[in-house]
Amino acid sequence: MYTERVMKHFKHPKNQGKLKNANGIGEVGNPTCGDVMKMYVYVENGMIKDISWETYGCVAAIATSSVLTTLVKGKTIEEALKITKDDVAKELGGLPSMKMHCSILAVDALKKAIEDYRSKEATI
Amino acid sequence: MRVYLDNGATTKVDPVVVEAMKPYFSEKYGNASSLHVFGRETKEALENARSVLAKKINAEPDEIVFTSGGTESDNIALKGLLLCEKCRGKNHVITTKIEHPAVLNSCKFLEQNGFKVTYLDVDKDGFINLEQLKKSISSKTAMVSVIHANNEVGTIQDLEKIGGICKGRNLIFHSDVVQSFTKVPIDVNKYNLDLASLSGHKIHGPKGVGAIYVKKRLFVCPFMHGGGHERGLRAGTENIPGIVGFAKAVEISSEKDVERMKELRDYLIEKVLSKIPKTTLNGPRNNRLCNNAHFTIDNVEGEAILFALDEKGIAVSTGSACSSKSLKPSHVLLAMGRKKEESHGSIRITLSKFTTKKEIDYFIENLIEVVANLRKMSPLYKKI
Ligand SMILES: Cc1ncc(COP(=O)(O)O)c(C=O)c1O
Ligand code: FES
């Protein structure tokens, strides 16, 4: 049911773990099935210099977390925010239709992390 | 290494069973209804098989009706009520919250056709409450249907006690014994059963063959109308190779295999609970199917465990929401009072007579690694 690329990210996840110097953190829960995803970003000069994630969820949730971080690392915040769940699914060679909601989770967690960064920036 | 620990889903057909089936494809291929020798030799095989099954559950041979499997048998038992003479004027069925979908969805169909269905609660280990059963019975009650051994968590209900209650109230008593058959002794007379659903592929027989025990003189509405096969209850040329294989599987089942599975299962449960922190066993320690172990592993998701083990060649199953088409957690675990999160990290391991200790050790070794890996990725684990 999963593509080879999904399984590759599941087996060898990229950018997994906490980020010590994170200046933006976003956590979202999946109301459908109860999973949790957390994104850590380190932003410098409007660019995502570093990013990592922690996920409690299915294969698709783990793979989308991993692939999303590879897509946005080194990009500007604006570029990163343009990435949609479909981009994530495409990068994985497709997701089963009932697993599309897992890719929304990753995109939302990233958005929240960037919002968190921006709100902290604004208060400085 | 490939390790199959999903025998609750289906089992390997025993090579002895395959051998027994072989002649019935291209040598003894007659229609059991034909009068000539080709027909007579398959008829003989059919009736032998019927006797084997009957003997195993202490029934008469003509109380066994062959079907296409457990699902069909459950459907016949439940939907048969719609046209049942014994229960004319009655429109109430009592069943449990932890039935197989074949029973649950047949009950839904009955509800759409004017029946009322009571779904009995279960306790934390999956047992029904006999007092609740008694209280649920009314003058409108036609049938009580209770699964013998639950297919997810392995809880074995006390059919003798339930049957006793039904007998006193003149109710039809059905049980889905698909998982318990050959693993737990079944005596249809002692249990006062009127109907029981059986399946071949859970006991090292072939897929697509099953049977239903129908007590003498009980009228069940035929499902298939046709040439009057199987006492007119289930028309259609009989699946002789399948039926022969099913009976052979029953014949070679043994108490020794059950004991061996039990020992291995207890070894596995002990190891998993002691080696993996924050793990609980779902279902009872006693009165549990000899080949079933079912765990909740905190802070990891079941589907992820399943695929990570799959990568190592190990096959298990899960009741996690993420793994189901409906994205709903297992109805059995919820009925047992498990929280949504708890069903999330659930895995079911089901052994067979072919399972070895070496395979169990390989499984445990890999499960430890897989869980540690997934917990490392989980934002929840470290919070605790
Ligand atoms: C308890 C129970 N009932 C019924 C069935 C259905 O049996 P079959 O696959 O033969 O239709 C199964 C197996 O899936 C089962 O475990
Ligand atoms: S996170 Fe539950 S289905 Fe993917």
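Residues numbered from 1 in each chain as written. Chains lettered and ligands numbered in written order. Predicted model: local features only at pLDDT ≥ 70, side-chain atom pairs only at ≥ 80, totals over all residues. Heavy atoms only, no water.

1. Some details on the overall build of chain A
Then, in step 1: When its secondary structure is counted, chain A shows five helices and three strands.
Then, in step 2: Written out in order from the N terminus, the α and β elements of chain A read α-β-β-β-α-α-α-α.
Then, in step 3: Taken over the C-alpha trace, chain A has a radius of gyration of 14 Å; the compact-globule value for 124 residues is 14 Å, and the two agree within 12%.
Then, in step 4: For chain A, the proportion of its 124 residues judged to be buried stands at 52%.
Then, in step 5: A separation threshold of at least 6 residues defines the contact pool for chain A, and within that pool the share at least 24 residues apart is 62%.
Then, in step 6: Entry remark: accessible area of chain A is about 5,600 Å², with carbon and sulfur atoms responsible for 52%.
Then, in step 7: Charge centroids of chain A, computed over 18 positive and 15 negative side chains, lie 4 Å from each other. (Helix = DSSP H or I, 4+ residues; strand = E, 2+ residues; numbered from the N terminus. Rg over C-alpha atoms; globule rule 2.2 N^0.38 Å. Buried < 20%, exposed > 50% of the residue type's maximum accessible area, 1.4 Å probe, protein only. Contact = heavy atoms within 4.5 Å. Areas by Shrake-Rupley, 256 points an atom, 1.4 Å probe, with all protein chains shown as cover. Lys, Arg positive; Asp, Glu negative; His and termini not counted. Charge placed at Lys NZ, Arg CZ, Asp CG, Glu CD.)

2. Overview of empty space enclosed by the protein
Residues and elements named next belong to chain B.
Then, in step 1: Taken as a whole, this structure holds three cavities of 30 Å³ or more when the rule is applied.
Then, in step 2: Approximately 150 Å³ is the volume attributed to the largest cavity.
Then, in step 3: Taken together, 18 residues line the largest cavity, and the ones lying closest to its centre are T182, H204, S253, M261 and K353.
Then, in step 4: Of all the elements in the fold, those that place two or more residues in the lining of the largest cavity are α8 (240-252) and α9 (255-275). (1 Å grid on protein atoms, 1.4 Å probe; cavity = no way out; pocket = protein on both sides within 12 Å on 5 of 7 lines; lining within 4 Å. Points joined across faces, edges and corners; volume = space filled by probe spheres on them.)

3. Some words on the sheet that holds strand β10 (residues 292-297) of chain B
All names here are of chain B.
Then, in step 1: Strand order in the open sheet made by the three strands is β9-β10-β12, with antiparallel pairing throughout. Each having just a single partner strand, β9 (279-281) and β12 (346-350) make up the two edges of the open sheet. Strand-to-strand twist across the sheet, computed as the mean angle between neighbouring axes with direction ignored, equals 25 degrees.
Then, in step 2: Here five bridges tie β10 to β12, and the two strands are oriented antiparallel to one another. Bridge pairing links A293 to I349 in β12. (Pairing = 2+ DSSP bridges. Axes fitted to C-alpha atoms, helices over the stretch in contact; angles between N-to-C directions.)

4. Description of the interface of chain B and chain A
Then, in step 1: Between chain B and chain A, the contact holds 24 residues from the first and 28 residues from the second.
Then, in step 2: Taking both partners together, chain B and chain A bury about 2,000 Å²; carbon and sulfur atoms supply 64% of that area.
Then, in step 3: Looking at the side of chain B facing chain A, the largest losses of area belong to B:L327, B:M377 and B:P379, adding up to 30% of the total buried there.
Then, in step 4: In this assembly, chain B and chain A are joined by two salt bridges.
Then, in step 5: Between A:K99 and B:E303 there is a salt bridge, with its nearest N and O atoms 2.8 Å apart.
Then, in step 6: If you look at where chain B meets chain A, you find seven residue pairs in polar contact (both at pLDDT 80 or more). (Buried area = accessible area lost by both parts, 1.4 Å probe. Salt bridge = Lys/Arg side-chain N within 4 Å of Asp/Glu carboxyl O. Polar contact = N/O pair within 3.5 Å; in protein donor to acceptor, adjacent residues only side chain to side chain.)

5. Let's talk about the site of ligand 1
Residue and element names in this part refer to chain B.
Then, in step 1: Of all residues adjacent to ligand 1, which total 13 residues, the nearest are T71, D176, Q179, S199 and K202.
Then, in step 2: H100 is positioned with one of its side-chain polar atoms (N or O) 3.3 Å from an oxygen atom of ligand 1.
Then, in step 3: Contact distances for ligand 1 include 2.6 Å between a nitrogen atom and a side-chain N or O atom of D176.
Then, in step 4: Per-element tally for the shell around ligand 1: the top contributor is helix α4 (residues 70-79), with three residues. (Near = heavy atom within 4 Å.)

6. Notes on the packing of α4(B) against helix α5 (residues 101-112) of chain B
Residues and elements named next belong to chain B.
Then, in step 1: The geometry of α4 relative to α5 is characterised by a closest axis approach of 9 Å and an angle of 30 degrees between their N-to-C directions. Comparing their axes, α5 and α4 come out roughly parallel. Along this stretch, α4 crosses α5, giving a crossing that reads as right-handed. Residues T71, D74, N75, L78 and K79 of α4 form the contact with α5, whose participating residues are A102, V103, S106, C107, F109 and L110.
Then, in step 2: Residue classes in the contact of α4 with α5 are distributed as six nonpolar, three polar and two charged. (Parallel < 35°, antiparallel > 145°, perpendicular 65-115°, else oblique. Left-handed = near helix turned anticlockwise from the far one by under 90°. Nonpolar A, V, L, I, M, F, W, Y, C, P; charged D, E, K, R; others polar.)

7. Examining the confidence of the model for chain B
Then, in step 1: When pLDDT is averaged along chain B, the result is 95, and 99% of the positions lie at 70 or above.
Then, in step 2: The ipTM, which scores confidence in the relative placement of chains, is 0.94 for this predicted complex, and the corresponding pTM is 0.95. (pLDDT = per-residue confidence, 0-100.)

8. Quick look at the pattern of salt bridges
Then, in step 1: What the rule picks out here adds up to 25 salt bridges over all chains.
Then, in step 2: In this structure, A:K18 engages A:E54 in a salt bridge whose closest nitrogen and oxygen atoms are separated by 3.7 Å. Of this pair, A:K18 sits in the loop between α1 (4-11) and β1 (24-29) while A:E54 sits in strand β3 (residues 47-56); the two residues are 36 residues apart in sequence, bridging distant segments of the chain.
Then, in step 3: The residue B:R50 makes a salt bridge to B:E47 at a minimum N-O spacing of 2.7 Å. Within this pair, B:R50 and its partner B:E47 are both found in helix α3 (residues 37-56), separated by three residues, close to a single helical turn.
Then, in step 4: Shared partners join several salt bridges into a network, and the residues in it are B:K43, B:E47, B:R50 and B:E230.

9. Points about the environment of B:F38
Residues and elements named next belong to chain B.
Then, in step 1: Looking at the secondary structure, you find F38 in helix α3.
Then, in step 2: F38 gets classed as partly exposed once you look at its relative accessible area, which sits at 37%.
Then, in step 3: Once the C-alpha coordinates of F38 and A372 are considered, the two residues, 334 residues apart in sequence, prove to be 61 Å apart.
Then, in step 4: In contact with F38, not counting residues within four places along its chain, are Y29 and G30.

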